[in-house]
Amino acid sequence: MNIADLFLPLLLAVFVIMMFRKQKKSQQTVTQQRAQMLPGTEVMTQFGLFGRIVSVDQEENKAVLELSPGNTATVHLQALTKVVTVPAEETPADDAAAVPDDASSLTLGKDTSERQDAVQDETPEETLKRLNRDDKKEN
């Protein structure tokens, strides 16, 4: 018997073993995710909807998601693909001062803290004149 004759069945056996291993890992992942999917958990569906689980019916394989306050949707449990975890640190804080309401901060120059007060007191006509003047300087 030749070594080449043993190679093909050995390769086939390794392929089958790897296939069963991958299937077992995916089943474990699904089981872990299903254990996390309790009412109150934020999830994402296969089609990209985000919502909070209101109730889960394991017998019917259905879950009721609250997409926005007062709006619910009933989906199949297989459609729930990802548990969304939002750390407490990333909750939106009151950063209104950090984000300007308009693009005027883009043309202020390097020291924005000093000129920010002056820009807030501008009238729309003065803002337009300043932006036109700055545009002519750049060209």
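Colleague: Help me understand the overall build of the protein chain in this model?
Modeller: Of the regular secondary structure elements, the protein chain holds three helices and five strands. Secondary structure elements of the protein chain occur, N-terminal to C-terminal, as α-β-β-β-β-β-α-α. Counting every position in the protein chain, which comprises 139 residues, the buried fraction comes to 14%. Considering only intrachain contacts with a sequence separation of at least 6, the fraction spanning at least 24 residues in the protein chain is 33%. When the accessible surface of the protein chain is split by element, carbon and sulfur atoms take 56% of a total near 11,500 Å².

Colleague: I'm lost on the pattern of salt bridges in this one. Help?
Modeller: Should their charged atoms come close, side chains of opposite charge can pair. Summed over the entire model, instances satisfying the criterion amount to one salt bridge. E42 is the partner of R52 in a salt bridge, and the nearest nitrogen-oxygen pair spans 2.9 Å. Here R52, found in strand β2 (residues 50-57), pairs with E42, found in strand β1 (residues 42-45); they are ten residues apart in sequence, far enough to count as distant. The partly exposed category is assigned to E42, whose relative accessible area is 30%.

Colleague: It is not clear to me how the nonpolar core should be interpreted in this structure. Could you clarify?
Modeller: M37, V43, I53, A63, L65, V75, L77, A79, L80 and V83 together form the largest nonpolar core, which totals ten residues. For this core, the secondary structure elements donating two or more residues are β3 (62-68) and β5 (80-83). Sequence-distant contacts of V83, that is, excluding residues within four places in its chain, are made with Q33, Q36, M37, T41, E42 and V43.

Colleague: Help me understand the sheet that holds strand β4 (residues 71-76) in this model?
Modeller: Across a sheet, strands are paired by hydrogen bonds formed along the backbone, either parallel or antiparallel in direction. Across the sheet, which stays open at both edges, the five strands sit in the order β4-β3-β2-β1-β5 with antiparallel pairing between neighbours. Where the open sheet ends on each side, the last strands, each with one partner, are β4 and β5. Each strand of the sheet is rotated relative to its neighbour by a mean of 45°, with strand direction disregarded. Where β1 lies against β2, three bridges are found, and the strand directions are antiparallel. Note that in β2 the partner of M44 across the bridge is F50.

Colleague: Looking at this model, I keep getting lost on a nonpolar patch on the surface. Mind explaining?
Modeller: The grouping of L12, F15, V16, M19 and F20 at the surface amounts to a nonpolar patch, some 520 Å² of accessible area in total. Relative to the helices and strands, F20 is located in helix α1 (residues 3-36).

Colleague: How do you make sense of unusual backbone geometry when you look at a structure like this?
Modeller: What is expected of a backbone is that most residues other than glycine have negative phi and most peptide bonds are trans. Its identity as a non-glycine residue notwithstanding, N61 has a phi of 60°, on the positive side. Residue position: N61 is located in the loop between β2 and β3. Under the relative-accessibility criterion, N61 is labelled partly exposed at 30%.

Colleague: Before we go on, may I ask you to explain the pairing of β1 in this structure?
Modeller: Remember that side chains alternate between the two faces of the sheet whenever the strand is regular. Side chains V43 and T45 of β1 all project onto a buried face; the interleaved residues E42 and M44 project onto a face where none is buried. Between β1 and β2, which pair antiparallel in sequence order, lie four residues; one of them, G48, sits at a positive phi of approximately 90°. With three bridges joining them, β1 and β5 adopt antiparallel strand pairing. Looking across to β5, one finds that M44 is bridged to K82.

Colleague: Just to check I follow, could you spell out the confidence of the model for the protein chain for this structure?
Modeller: Detailed conclusions should not be drawn from predicted coordinates in areas where pLDDT is low. When the pLDDT values of the protein chain are averaged, the result is 78; 73% of them are 70 or greater. Looking over the protein chain, one finds the lowest element-wise mean pLDDT in helix α2 (residues 112-120), namely 56, and the highest in β4, namely 93.

Conventions used here
Residues numbered from 1 in each chain as written. Predicted model: local features only at pLDDT ≥ 70, side-chain atom pairs only at ≥ 80, totals over all residues. Heavy atoms only, no water. Helix = DSSP H or I, 4+ residues; strand = E, 2+ residues; numbered from the N terminus. Buried < 20%, exposed > 50% of the residue type's maximum accessible area, 1.4 Å probe, protein only. Contact = heavy atoms within 4.5 Å. Areas by Shrake-Rupley, 256 points an atom, 1.4 Å probe, with all protein chains shown as cover. Salt bridge = Lys/Arg side-chain N within 4 Å of Asp/Glu carboxyl O. Core = buried A, V, L, I, M, F, W, Y, C linked by side-chain atoms within 4.5 Å. Pairing = 2+ DSSP bridges. Axes fitted to C-alpha atoms, helices over the stretch in contact; angles between N-to-C directions. Patch = residues over 30% accessible without salt bridge, like charges linked within 9 Å, V, L, I, M, F, W, Y side chains within 5 Å. pLDDT = per-residue confidence, 0-100.

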